[in-house]
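Examining the three-dimensional arrangement
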Amino acid sequence: MNIHDGHRRRLDRKVREQGLEMLEPHEQLEHILFAVIPRGDTNKIAHNLLKRFVTVAGVLNADFEELLTVEGVGERTAMFLTTLPQLLGVVERSIFEGAPPKLDSLEAIEEFVKTYFYGKLTEAAYIISLNSTYRVLAISKVLEGGQSEIYCYLSKFVKRAVRDNASSVLVVHNHPCGNLNPSVEDVTTSRKLEKAFEAVDIVFADSIIVAEGKALSMRQNGYI
């Protein structure tokens, strides 16, 4: 019997009886790590992670390369931890399966699009193609990278919308820094996008910025 088996069984029982949310942060991480580390001392790794990233949220939002610097964390474990926030988004969006969401208000847009940015540390841009009643036809990640790279190729957005036979589109990108305010580049590029979509007879419904679970409509705020 592995020296840690008894500890794992006790922690499993604690989760069953009390729920994961009632555990101490290091215990929560320990139990999460059971899924990817079948043997070994996950207690030590959990403490190492919290020492480096302070909170469970800090661990799950950490960069892959940063996680690899923690003693006991290998590539498989780092990949597992970085995909957990994405899994949360997948779970939330699965509610809409079989019934495409209708994005006809900022509240509906915010609730839906924020799920694509859980744990994302780099800026990414998506295009959401909508039909004539603002129901989602398709969602595509067009670009991901640094702030200066995100809107390099306007044609990519237009090609996706045309391919989807969209009546209108939303373009959504995040600000990992947490600041919702649009940059000068955001404003300039959104205005260029509006003209580009107009040329192919597709309505550019809005350009949305997401930061820390909140969304800003550039159209409602007068930027386009």
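Everything discussed here concerns the structure shown above.
Below is a short write-up of the structure. In this text, all values refer to a predicted model and were calculated from it rather than measured experimentally.

1. A few points about the layout of surface pockets
- Roughly 320 Å³ of internal volume is contained in the largest pocket.
- T82, Q86, Y118, G119 and K120 are, among the 20 residues lining the largest pocket, the residues nearest its centre.
- Among the elements of the structure, α6 (75-93) and β2 (136-145) are those that each provide at least two residues to the lining of the largest pocket.
- A total of 5 residues in the lining of the largest pocket trace back to one element, the largest contributor, which is α6.
- Split into classes, the residues belonging to the lining of the largest pocket amount to 8 nonpolar, 7 polar and 5 charged.
- Taken as a whole, the second largest pocket encloses approximately 270 Å³ of empty space.

2. Describing a nonpolar patch on the surface
- A grouping of L87, V90 and V91 is seen on the molecular surface, where their side chains present a nonpolar patch of about 260 Å² in accessible area.
- By the secondary structure assignment, V91 is in helix α6.
- With a relative accessible area of 48%, V91 lands in the partly exposed category.

3. Some words on the environment of R8
- Of note, R8 is situated in helix α1 (residues 5-18).
- Given a relative accessible area of 10%, R8 falls into the buried group.
- With 207 residues separating them along the chain, R8 and A215 place their C-alpha atoms 41 Å apart.
- Apart from residues lying up to four places away in sequence, R8 is in contact with F34, I37, P38, R39, G40 and T42.

4. Focus: the packing of aromatic side chains
- The tally for this structure, following the rule as stated, stands at 4 aromatic pairs.
- Relative to Y116, the ring of F112 lies with its centre 5.8 Å away and its plane at 65°, an arrangement referred to as edge-to-face. Here the two residues F112 and Y116 agree in accessibility, since each one is buried.
- Three or more aromatic residues joined by ring pairs form one cluster here, namely F112, Y116, F117 and Y126.

5. Observations concerning empty space enclosed by the protein
- Here the structure, examined in full by the defined rule, presents 1 cavity of 30 Å³ or more.
- In this structure, the largest cavity encloses a volume near 30 Å³.
- As for the largest cavity, its lining consists of V113, Y116, F117, Y126, I128, I139 and V172.
- When grouped by side-chain class, the residues that make up the lining of the largest cavity number 7 nonpolar, no polar and no charged.

Parameters at a glance
- Residues numbered from 1 in each chain as written.
- Predicted model: local features only at pLDDT ≥ 70, side-chain atom pairs only at ≥ 80, totals over all residues.
- Heavy atoms only, no water.
- 1 Å grid on protein atoms, 1.4 Å probe; cavity = no way out; pocket = protein on both sides within 12 Å on 5 of 7 lines; lining within 4 Å.
- Points joined across faces, edges and corners; volume = space filled by probe spheres on them.
- Helix = DSSP H or I, 4+ residues; strand = E, 2+ residues; numbered from the N terminus.
- Nonpolar A, V, L, I, M, F, W, Y, C, P; charged D, E, K, R; others polar.
- Patch = residues over 30% accessible without salt bridge, like charges linked within 9 Å, V, L, I, M, F, W, Y side chains within 5 Å.
- Areas by Shrake-Rupley, 256 points an atom, 1.4 Å probe, with all protein chains shown as cover.
- Salt bridge = Lys/Arg side-chain N within 4 Å of Asp/Glu carboxyl O.
- Buried < 20%, exposed > 50% of the residue type's maximum accessible area, 1.4 Å probe, protein only.
- Contact = heavy atoms within 4.5 Å.
- Phe/Tyr/Trp six-rings, centres within 6.5 Å; stacked < 30°, edge-to-face > 60°.

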